[in-house]
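Next come the chains, spelled out residue by residue.
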Amino acid sequence: MRLLTHNMLASNVRGATTGYPLTLEATKWCTKEVELNADFIRGLLPKIDWRALVAATRALGLPELLPEDQPPEEEIFAEGAADVEGSAIRRIHHALLEVHVQEGSLVCPDTSRCFPINKGIPNMMLHEDEV
């Protein structure tokens with residue numbers, strides 16, 4: 001599961017007020033290189049909950065990957081920034097698309113319901129009594 005996916009998921013368990021953001025508890029994760037597409041990141045960034053993304057990277061033990069506050073767009077999309085190792089756009093791209101959670105769980109902040117992640121796939125299926 002990519003952190004992009006994590007950023008979009010919410011719990012629909014009965015009793016959950018928002019069910020978002022889910023707390024990430026990863027036991028196994030890896031990185032898989034993906035070609036950077038600045039236009040894709042530009043279109044995606046307004047839809048991303050920055051605080052949830054930062055919390056996910058911290059949960060994985062990557063506190064230095066992203067700053068607490070989202071960098072300004074001028075910095076992220078500056079001319080040639082995509083070619084600079086360690087630039088804001090490269091770090092955002094890495095966090096969203098290259099970090100893959102293989103095993104672990106997602107925990108609802110409202111109900112503490114645990115959704116398992118197995119082989120990179122989060123199981124968000126609800127039990128009959130949770131609907």
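What counts as what
- Residues numbered from 1 in each chain as written.
- Predicted model: local features only at pLDDT ≥ 70, side-chain atom pairs only at ≥ 80, totals over all residues.
- Heavy atoms only, no water.
- UniProt positions renumbered as here; feature names shortened; annotations may be inferred.
- Pairing = 2+ DSSP bridges.
- Helix = DSSP H or I, 4+ residues; strand = E, 2+ residues; numbered from the N terminus.
- Contact = heavy atoms within 4.5 Å.
- Axes fitted to C-alpha atoms, helices over the stretch in contact; angles between N-to-C directions.
- Salt bridge = Lys/Arg side-chain N within 4 Å of Asp/Glu carboxyl O.
- Buried < 20%, exposed > 50% of the residue type's maximum accessible area, 1.4 Å probe, protein only.

Looking at an unreviewed UniProt entry, one finds the chain named Multifunctional methyltransferase subunit TRM112-like protein and attributed to Miscanthus lutarioriparius. According to the UniProt record, the Subunit (unreviewed entry) comment for the chain reads "Interacts with TRM9." As recorded by UniProt, the Sequence similarities (unreviewed entry) comment attached to the chain reads in full: "Belongs to the TRM112 family."

Student: Looking at this structure, I do not really get the sheet that holds strand β1 (residues 23-31). What am I missing?
Tutor: The strands making up a sheet are joined through hydrogen bonds of the backbone, oriented either antiparallel or parallel. Reading across the sheet, the four strands line up as β1-β2-β3-β4 and stay open at both edges, with antiparallel pairing between neighbours. In this open sheet, the two edge strands, each paired with only one partner strand, are β1 and β4 (121-122). In this structure, strand β3 (residues 114-118) lies alongside β4, joined through two bridges in antiparallel fashion. Within β4, the residue paired with Ile117 across the bridge is Pro122. Here helix α5 (residues 88-98) sits on the sheet and contacts β1 and β2 (99-107); the angle it forms with β2, its principal contact strand, is near 65°.

Student: What am I meant to see in the pattern of salt bridges here?
Tutor: A side chain of one charge can pair with a side chain of the opposite charge if their charged atoms are brought near each other. Counted under the stated rule, the structure contains two salt bridges. When the shortest N-O distance is used, the salt bridge between Arg58 and Glu68 registers 3.2 Å. One end of the pair, Arg58, is in helix α3 (residues 50-59); the other, Glu68, is in the loop between α3 and α4 (73-76), with 10 residues separating them in the sequence. Residue classification places Glu68 among the exposed residues on the basis of a relative accessible area of 53%. Here Glu130 makes a salt bridge to Arg113, at a shortest N to O gap of 2.5 Å. Taken as a pair, Glu130 in the segment after β4 and Arg113 in the loop between β2 and β3 lie far apart in primary sequence, 17 residues in all. Residue class for Glu130 comes out buried when judged on its relative accessible area of 13%. Residue Arg113 is classed as buried on the basis of its relative accessible area, which comes to 14%.

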